[in-house]
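Single-letter residue listing:
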Amino acid sequence: KAGVTQTPRYLIKTRGQQVTLSCSPISGHRSVSWYQQTPGQGLQFLFEYFSETQRNKGNFPGRFSGRQFSNSRSEMNVSTLELGDSALYLCASSSGPPVTGELFFGEGSRLTVL
Amino acid sequence: EDQVTQSPEALRLQEGESSSLNCSYTVSGLRGLFWYRQDPGKGPEFLFTLYSAGEEKEKERLKATLTKKESFLHITAPKPEDSATYLCAVQAIGGADGLTFGKGTHLIIQP
């Protein structure tokens, strides 16, 4: 059974640009969550989607957005990039709802903003 | 606001030397407490879910326990392959904010 797939794995952008990250969940999983991981703040919740609907959103500015498609694949977008957006962005899928803490994470997309 | 504090930040043990990792939490109402393992360059891997005080879960050399204020991850006779960062997370009843993670304990097991 294939795991959670995230693309791209690595990317470098400059301030002011925008970026789109993609996530394919485990087959049969309909819930996708996104987290940002940095050395200083650890893992922080961005948002959660189920059946193409955003169910929950973390405390991030509106520059961070996402969506989910009918095949459960998800994308997140960050506009007007800032240096502080450099991080590992992790996608996780689960079979929920209800979404439990038993999340299956991908390997992440590492974003560097210059 | 939900908070999770893990200690120590880093721990170096000799192979076979048992120890415990601590996770202290404050949450309005606990829906669940979760332990994950993260290897370098990888996403976190789920280990355990604990729902109520007094609950224990075991998997190979790992045992997780839960009280009303903290959780412990006990590692018995660890091996070098147990080296990883161990993350603790809580989910509040309602779970509107996803999981709240601690910053992890970086564990190194020396042969």
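Located above this text is the structure these notes cover.
All of these numbers come straight from a predicted model, not from anything done at the bench.

(A) Geometry of the overall build of chain A. Within chain A one finds 0 helices and 11 strands. The C-alpha radius of gyration computed for chain A amounts to 13 Å, which stays within 12% of the reference 13 Å derived for 114 residues, consistent with globular compactness. In terms of overall dimensions, chain A has a C-alpha envelope of 35 × 25 × 25 Å along the principal axes. Classification of the 114 residues of chain A by burial places 51% in the buried group. A separation threshold of at least 6 residues defines the contact pool for chain A, and within that pool the share at least 24 residues apart is 54%. Of the roughly 5300 Å² that chain A leaves accessible, carbon and sulfur atoms contribute 47%. The centroid of the 11 positive side-chain charges in chain A is displaced by 3 Å from the centroid of its 7 negative side-chain charges.

(B) Quick peek at the nonpolar core. Residues and elements named next belong to chain B. Ranked by internal contacts, the top residues of the largest apolar core, which has 22 residues, are L33, W35, L73 and Y86. Among the elements of the structure, strand 2 (10-14), strand 3 (19-26), strand 4 (30-38), strand 5 (45-50), strand 7 (62-66), strand 8 (70-75), strand 9 (84-92) and strand 11 (105-110) are those that each provide at least two residues to this core. No other element matches the 4 residues that strand 9 contributes to this core. Beyond its immediate stretch of four places on either side in the chain, Y86 contacts Q6, L21, W35, Y36, R37, L47, L62, L73, G104, T105 and L107.

(C) Local environment of the interface of chain A and chain B. Each partner contributes to the interface: chain A provides 20 residues, whereas chain B provides 20 residues. Counting the surface lost from both chain A and chain B, the interface buries some 1500 Å², and carbon and sulfur atoms represent 48% of this. Here chain A and chain B share 6 residue pairs in polar contact (both at pLDDT 80 or more) between them. Breaking the side of chain A that touches chain B down by element, the ones donating at least two residues are strand 4 (31-38), strand 5 (42-50), strand 6 (53-57) and strand 9 (87-94) of chain A. Looking at the side of chain A that touches chain B, its residues break down into 9 nonpolar, 7 polar and 4 charged.

(D) How the structure looks around the packing of aromatic side chains. Taken as a whole, this structure holds 9 aromatic pairs over all chains when the rule is applied. For the ring pair Y35 of chain A and F101 of chain B, a centre distance of 5.6 Å and an interplane angle of 85° mean the geometry is edge-to-face. Taken as a pair, Y35 of chain A in strand 4 and F101 of chain B in strand 10 (residues 100-101) lie in two separate chains rather than in one. This pair shows no difference in class: Y35 of chain A is buried, exactly as F101 of chain B is. Grouping aromatic residues by their ring pairs yields a cluster made of Y35, F45 and F105 of chain A together with Y36, F46 and F101 of chain B.

Cut-off values and rules
Residues numbered from 1 in each chain as written. Chains lettered and ligands numbered in written order. Predicted model: local features only at pLDDT ≥ 70, side-chain atom pairs only at ≥ 80, totals over all residues. Heavy atoms only, no water. Helix = DSSP H or I, 4+ residues; strand = E, 2+ residues; numbered from the N terminus. Rg over C-alpha atoms; globule rule 2.2 N^0.38 Å. Buried < 20%, exposed > 50% of the residue type's maximum accessible area, 1.4 Å probe, protein only. Contact = heavy atoms within 4.5 Å. Areas by Shrake-Rupley, 256 points an atom, 1.4 Å probe, with all protein chains shown as cover. Lys, Arg positive; Asp, Glu negative; His and termini not counted. Charge placed at Lys NZ, Arg CZ, Asp CG, Glu CD. Core = buried A, V, L, I, M, F, W, Y, C linked by side-chain atoms within 4.5 Å. Buried area = accessible area lost by both parts, 1.4 Å probe. Polar contact = N/O pair within 3.5 Å; in protein donor to acceptor, adjacent residues only side chain to side chain. Nonpolar A, V, L, I, M, F, W, Y, C, P; charged D, E, K, R; others polar. Phe/Tyr/Trp six-rings, centres within 6.5 Å; stacked < 30°, edge-to-face > 60°.

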